[in-house]
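Structural overview
So you can see what is in the structure, the chains are spelled out below.
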Amino acid sequence: MYRYDEFDERFVRERVAQFRGQVERRIDGSLSEDEFKPLRLKNGLYLQLHAYMLRIAVPYGTLNSRQLRQLAHIAETYDKGYGHFTTRQNLQFNWPKLKDVPDILGLLADVEMHCIQTSGNCIRNVTSDQFAGVAADEVEDPRPTAELIRQWSSLHPEFVWLPRKFKIAVTGASHDRAAIKVHDIGLKLKRDAAGAVGYEVIVGGGLGRTPMIGKVIREFLPKDELLAYLEAVMRVYNSEGRRDNKFKARVKILVHETGEEEFRARVEEEYARLDGPTINAPDEEVRRIAAYFAPPAYATLPETSAVLDAARAADPALDRFVAQNGFAHKQPGYIALTIALKEIGAVPGDMSAAQMRAFADLAETYSFDEFRVTHSQNLVLPHVRKDDVPAVFAALKAAGLASANAGLITDIIACPGLDYCALATAKSIPIAQAIAKTFADEKRQAAIGELPIKISGCINACGHHHVGAIGILGLEKGGRENYQITVGGDASEHAALGERLGPGIDAEDVPAAIEAIVETYLAEREGGESFIETVRRAGIEPFKAGFASFLDDRAPASEAAE
Amino acid sequence: MTLITEDGAAEDRFTRADTLEAALAAEGPVLVPLPVAADYLAKRPGAETGISVPGATSIDEIRPHLAAAALVAVEFPGFSDGRGFSLARKIRREGFAGTLRASGPLIADQFADALACGFTEVELPETMANRQPVQQWLAAKETMSVHYQTGYGTEPSILQQRLTARKGATR
Ligand code: SF4
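Note that the structure is a prediction, hence the values are computed from the model and not measured.

Rules of the game
- Residues numbered from 1 in each chain as written.
- Chains lettered and ligands numbered in written order.
- Predicted model: local features only at pLDDT ≥ 70, side-chain atom pairs only at ≥ 80, totals over all residues.
- Heavy atoms only, no water.
- Helix = DSSP H or I, 4+ residues; strand = E, 2+ residues; numbered from the N terminus.
- Expected span 1.5 Å × (residues − 1).
- Buried < 20%, exposed > 50% of the residue type's maximum accessible area, 1.4 Å probe, protein only.
- Arc of directions from axis to C-beta.
- Contact = heavy atoms within 4.5 Å.
- Buried area = accessible area lost by both parts, 1.4 Å probe.
- Salt bridge = Lys/Arg side-chain N within 4 Å of Asp/Glu carboxyl O.
- Polar contact = N/O pair within 3.5 Å; in protein donor to acceptor, adjacent residues only side chain to side chain.
- Pairing = 2+ DSSP bridges.
- UniProt positions renumbered as here; feature names shortened; annotations may be inferred.
- Near = heavy atom within 4 Å.
- Nonpolar A, V, L, I, M, F, W, Y, C, P; charged D, E, K, R; others polar.
- Domains from an automatic or database assignment.

**Considerations on helix 8 (residues 260-273) of chain A**
Residue and element names in this part refer to chain A. Taking 1.5 Å of rise per residue, the 14 residues of helix 8 would be expected to cover 20 Å, and the 20 Å separating its terminal C-alpha atoms lies within 8% of that figure. For helix 8, the full list of buried residues reads Phe263, Arg264, Val267, Glu270 and Tyr271. For helix 8, the angular spread of buried residues about the axis comes to 130°, placing them on one side. Residues of helix 8 that are exposed and point more than 90 degrees away from the buried face comprise Glu261 and Ala272.

The structure is reproduced here in structure tokens:
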């Protein structure tokens, strides 16, 4: 893991003092509310429906046990005893008081954390693959790139007042777990024909009310040219992105309206004009950062573990957990484990202070003191010895963290929705809870297999419903909450946006509608196809037909009820 | 209007003139909108002239006038419109060595960034200056003593300082 040096430390401390000063100048009237608002947003402080919300950066989703214990302490001291992991690999506290925020920032700085640029119209916290350094299909670990971008984008003198928020994601693997095609910039580490490492640069993807798949604007960017090229993209966007309409201000609209060719030409023209060598990070610096992400001191172990095999044979629950939540590790004898923050009936992504402490102990004892936050609002223990898995599972069970449903139909992503969010048009969390209850039976979940459901409580799409294999969008129609269902969305290297099945439905009909969609899938499925593979092959029509007959069957019942 | 430089409040030597007639009638150095600049300089070749440009202006439109300008004032329609920061970078990249002014309702918290992007001064509406006096600007400028980005401002970036420290250590 990256560790702050004296400069990073000073930077974050000074940022805390700066924010404290900004709060004081707001209180004494030097700053108007309109002026203070973007300043607090750029420090992660949002005004929600009921209270302030503080969003803490978890750069590329990596944390250690000391940091999580500090978060547990903050949750207990300044919040209601829990925190909420988001789809941006961040952590949110929903109930801090404004006056406490500078102190919370100080506590975060004590453990090398901050809230810098977790909201506002600036470059946001950079995200990455939760299996970075673990996955076998990796050209190179994406985390050193992500850390370099974290530093470069922090309080950038030129790019703090962008037309709109700007999100960057990096992956080093061939299977894209970082959703790089639906980010403002997506970077994919790759090799050219000569074997040199560089990036494919994708610009202009995004969800929200105008979802778009990003365009490749550079097939291959040599690795050492990264920062200068990013500067060129950002300068074009900062200068030319629309500022007349906040709904058209994201870079995806600029790329779309300018045209892919022309946008590429403008970036390349800007790139040709700037002085790359002075902007790019020196090689020594790149290597200094990369050294922090060197593999931990693995033991030399056989690939299989007799201890684990015997325990799995004896305990079906453990067996299911490993089969579902285990991820192949490139180091023999190790495994990565996904911890789904998705107990049936729980709020997706919520974690209590007690769970945080229990989990911190596990990460410290069994995973080289490191864990990851995923964009599916789950956690990952990246480097667990297979021999240790039975002990880890027992401890997870005791903490209520052993749900064996990673990637299954009950592993639902849901935005905060009407329970917390001022922009919401509908509930999101209760819908997730109702669906999870409907499919609570573990055998049924296993039979259905991988099926990511994503729910947003308004068209801003924080729940990423466009790229859910099943996506659910909560709207408001005639004073009632109304849910639109899409099928076929995909955030991976096969990136696709979901298609609507038909008219919106009432909240209480959603679980049954999902059951109908699942029925269609089970009837259409060939061989071992996953849900999304069936949609890709069979198309949307069978699902539309199934949904239509579901609506027909519902009609008499709901009329009778009226 | 209040003019703030990195040393504190300064006197504005330039008189704003929005038309050619007004510019020709004015005493001392004038600050004219970009469309008036060519005509004014044709009549007053060599005069100490400032050119005012909206932050949204393309550098291609400004470039031909830079050699003759003593001052360029980039107009910010609002403090959260960041186009002026990029425009300042582009103007400096053209080799412009004169005074570069950020004009508009900026806030003190932007002072350090404005200087780092190449501005030399900020021209603030009086209402803003009353709420955010010069001392606040000078204090805000000092809150962050280090920055990561290379090529902004005069101080070495964190990346450069690390490099220097390493070279010192291995010597
Ligand atoms: S999708 Fe809408 S309701 Fe959900 S968190 Fe985002 S803005 Fe709020």
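**Regarding unusual backbone geometry**
Residue and element names in this part refer to chain A. Of note, glutamate 112 is a non-glycine position whose phi angle comes to about 60°, a positive value. Classification of glutamate 112 by relative accessible area gives partly exposed; the value is 22%. One non-glycine residue, leucine 155, lies in positive phi territory at about 50°. Mapped onto the fold, leucine 155 is located in the loop between helix 5 (143-153) and strand 7 (168-171). On the basis of relative accessible area, leucine 155 is assigned to the buried category, the value being 18%.

**What about the interface of chain A and chain B?**
Counting residues at the interface gives 46 residues for chain A, matched by 39 residues for chain B. Between chain A and chain B lies a buried interface of about 3800 Å² when both sides are counted; carbon and sulfur atoms form 52% of it. Considering only the side of chain A, the residues that lose the most area to chain B are Phe7, Pro157 and Trp161 of chain A, jointly responsible for 20% of the buried surface there. Summed over the shared surface of chain A and chain B, the result is eleven salt bridges. As a salt-bridge pair, glutamate 158 of chain A and arginine 89 of chain B come within 3.6 Å of each other at their nearest N and O atoms. Applying the counting criterion to the chain A and chain B interface returns 26 residue pairs in polar contact (both at pLDDT 80 or more). At the level of elements, helix 1 (6-27), helix 2 (33-41), helix 5, helix 6 (226-240), helix 8, helix 9 (276-279) and helix 10 (283-291) of chain A are the ones that each hand at least two residues to the side of chain A that touches chain B.

**Structural notes on the sheet that holds strand 6 (residues 127-128) of chain A**
Residues and elements named next belong to chain A. Strand order across the open sheet formed by five strands is 6-7-8-9-10, with mixed pairing between neighbours. Among the strands making up the open sheet, the edge pair consists of strand 6 and strand 10 (215-222). Relative to strand 8 (residues 185-191), strand 7 runs parallel, the two being bridged by four bridges. Of the residues in strand 8, the one forming a bridge with valine 170 is leucine 187.

**So, the environment of valine 322 of chain A**
Residues and elements named next belong to chain A. Checked against the element boundaries, valine 322 lands in helix 12 (residues 316-325). Spatially, the C-alpha atoms of valine 322 and leucine 337 are 7.7 Å apart, while their sequence positions differ by 15 residues. Not counting residues within four places of it along the chain, the set of residues in contact with valine 322 comprises Leu308, Arg312, Ile335 and Val389.

**Here's the deal with the UniProt feature "domain: Nitrite/sulphite reductase 4Fe-4S" (unreviewed entry) in chain A**
Residues and elements named next belong to chain A. Feature annotation in UniProt assigns "domain: Nitrite/sulphite reductase 4Fe-4S" (unreviewed entry) to the following positions: residues 119-271 and 410-545. This span, residues 119-271, is 30% helix and 18% strand, and a straight line between its end C-alpha atoms measures 28 Å. Taken end to end, residues 410-545 is 33% helix and 19% strand, and its first and last C-alpha atoms sit 24 Å apart.

**Observations regarding the site of the ligand**
Near the ligand, the surroundings consist of Cys415, Pro416, Gly417, Cys421, Leu423, Ala424, Ser456, Gly457, Cys458, Asn460, Ala461 and Cys462 of chain A. By residue class, the composition of the shell around the ligand is eight nonpolar, four polar and no charged.

**Some points on the domain arrangement of chain A**
All names here are of chain A. When its domains are assigned, chain A resolves into domain 1 (6-110), domain 2 (134-291), domain 3 (306-399) and domain 4 (413-561). The gap between the C-alpha centroids of domain 1 and domain 3 is 29 Å. Counting residues at the interface gives 21 residues for domain 1 and 23 residues for domain 3. Taking both partners together, domain 1 and domain 3 bury about 1900 Å²; carbon and sulfur atoms supply 57% of that area. A per-residue breakdown of the area domain 1 buries against domain 3 is headed by Leu68, Arg69 and Phe85, which together make up 32% of the total. Summed over the shared surface of domain 1 and domain 3, the result is three salt bridges. Here glutamate 76 ties to arginine 357 by a salt bridge, and the two come within 3.0 Å at their closest N and O atoms.

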